[in-house]
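What follows is the residue order along each chain.
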Amino acid sequence: MNNICDTIVQIKAELPERTRLIAVSKYHPAEAVRQAYEGGQRLFGENIVQELRKKQPELPNDIEWHFIGTLQTNKVKYIAPYVSMIHSVDSLKLLQEIDQAARKCNRIIDCLLEIRIAKEETKHGLTPQSCKELIEAMNPEGLQQIRLCGVMGMATFNADEKETHREFAALRHFFEELKTAYFKGNEAFKEISMGMSDDYKIAIEEGSTLVRIGTSIFGERVY
Ligand SMILES: *Cc1c(COP(=O)(O)O)cnc(C)c1O
């Protein structure tokens, strides 16, 4: 066992049954992913299309790749053949693009709606209002190749614990609101993607189903 695998085992031991671990491997080499893979990890997160395109062919086929970064519509086609879930959907245009790209590869791609929960202006994502408008504007007949599976959010960077609790709780409540209003009885709509290295313990307490952890597993990123 190496350090990467040890850390993954430790983190997994802390997760409740409903929560899965995405090992965020961005800026780390394929070799680091392989070490984690050999320790049994199968879900990995990347946030740059170019980097994912380079790594994916070098690594085993049964890896579930989660795309967690800003996604430009003109780059969807590159990852559509294999991406397992896109966490960062923040417009109807992007959703339609994913749907079309998925149709061309005869796949269904799981998507999460990214919701702005942080106080920072710079954070991406939909406001709760714009999220509902997106869902209502979506013609379900027209989007058969995507599956909406839930929501994703990032808490304010370096906030105090109380604020982080508040933001994650708000995301969970919003998920529940959407579930009741639009996805009742839809078993696929079940994911709340929240929690990173510094705040995943809080996210778990607030009901996270997917934690996205990079630095704690792979070390600091060198940009
Ligand atoms: C980089 C990144 C992570 C992982 O962050 P760490 O602090 O390294 O755990 C999680 N989510 C998103 C969206 C990211 O871009």
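Each chain has its residues counted from 1, following the order in which its sequence is written. Two thresholds apply to this predicted model, a pLDDT of at least 70 for residue-level local features and 80 or more for giving and counting side-chain atom pairs, whereas whole-chain, interface and lining totals are computed over all residues. Side-chain numbers come from the whole structure's heavy atoms, not from hydrogens or water.

## Describing the overall build of the chain
Short version of the rule: Labels follow the DSSP assignment, with helices taken as runs of H or I lasting at least four residues and strands as runs of E lasting at least two, numbered in each case from the N terminus. C-alpha atoms define the radius of gyration, and 2.2 Å times the number of residues to the power 0.38 defines the globule rule. A simple rule labels every residue: compare its accessible area, found with a 1.4 Å probe on the protein chains alone, to the largest value its type can have, and call it buried under 20%, exposed over 50%, or partly exposed in between. In this description, contact between two residues means that some pair of their heavy atoms is separated by no more than 4.5 Å. Here the positive residues are Lys and Arg and the negative ones are Asp and Glu; neither His nor the chain ends is included. To locate a charge, the coordinates of NZ of Lys, CZ of Arg, CG of Asp or CD of Glu are taken.
Looking only at helices and strands, the chain features 9 helices and 8 strands. Taking 2.2 N^0.38 as the reference for a compact globule, 223 residues should give roughly 17 Å; the C-alpha atoms of the chain span a radius of gyration of 17 Å, in line with that estimate. Along the first, second and third principal axes, the C-alpha atoms of the chain reach 50 × 45 × 35 Å. By residue count, 52% of the 223 residues in the chain fall in the buried class. Relative to all contacts within the chain whose residues are 6 or more apart in sequence, the contacts with residues 24 or more apart total 60%. Averaged over its 29 positive side-chain charges, the chain has a centre that lies 4 Å from the centre of its 33 negative ones.

## Observations regarding the pairing of strand 2 (residues 43–46)
The test is simple: Here, any two strands with at least 2 DSSP bridges between them count as paired. Look down the strands so they point away from you; if the path from the first strand over the helix to the second goes clockwise, the crossover is right-handed.
Along strand 2, one buried face is formed by Leu43 and Gly45 and the opposite face, lined by Phe44 and Glu46, is buried too. Where strand 1 (residues 20–24) lies against strand 2, 2 bridges are found, and the strand directions are parallel. Within the sheet, the bridge partner assigned to alanine 23 lies in strand 2 and is phenylalanine 44. Where the polypeptide runs from strand 1 across helix 2 (residues 30–38) and back to strand 2, its parallel neighbour, the crossover connection is right-handed. Relative to strand 3 (residues 64–67), strand 2 runs parallel, the two being bridged by 4 bridges. Among the inter-strand pairings, leucine 43 is bridged to a residue of strand 3, identified as glutamate 64. With respect to chirality, the unit in which strand 2 leads through helix 3 (residues 49–55) into the neighbouring parallel strand 3 is right-handed.

## Regarding the packing of aromatic side chains
Spelled out, the test is: When two rings of Phe, Tyr or Trp (its six-membered ring) have centres within 6.5 Å they constitute a pair, described as stacked for plane angles under 30 degrees, edge-to-face for angles over 60, and tilted for the intermediate range.
Overall, the coordinates contain 5 aromatic pairs when judged by the stated rule. On the basis of an interplanar angle of 0° and a centroid distance of 5.1 Å, the ring pair of phenylalanine 175 and phenylalanine 189 is categorised as stacked. Remark: phenylalanine 189 occurs in the loop between helix 7 (161–182) and strand 7 (191–193) and phenylalanine 175 occurs in helix 7; sequence separation between them is 14 residues. Using a relative accessible area of 0% as the deciding quantity, one classes phenylalanine 189 as buried. One aromatic cluster in this structure is built from Phe175, Tyr182, Phe183 and Phe189.

## So, the packing of helix 1 (residues 3–14) against helix 2
The criterion, for reference: Every axis corresponds to a line fitted to the C-alpha atoms, with the helix fit spanning only the stretch in contact, and the corresponding angles, defined between N-to-C directions, vary from 0 to 180 degrees. By the definition adopted for this analysis, an angle is roughly parallel if under 35 degrees, roughly antiparallel if over 145, roughly perpendicular if from 65 to 115, and oblique otherwise. Left-handed describes a crossing in which the near helix is turned anticlockwise from the far one by less than a right angle; the clockwise case is right-handed. The residue classification treats Ala, Val, Leu, Ile, Met, Phe, Trp, Tyr, Cys and Pro as nonpolar and Asp, Glu, Lys and Arg as charged. All others, Gly included, are polar.
Look at helix 1 against helix 2: their axes get within 8 Å of each other, and the N-to-C directions meet at 50°. Comparing their axes, helix 2 and helix 1 come out oblique. Helix 2 is crossed by helix 1, and the crossing has right-handed handedness. Taking contact as the criterion, the partners of Ile4, Cys5 and Ile8 in helix 1 are, on helix 2, Ala32, Gln35 and Ala36. Residues that form the contact of helix 1 with helix 2 fall into these classes: 5 nonpolar, 1 polar and no charged.

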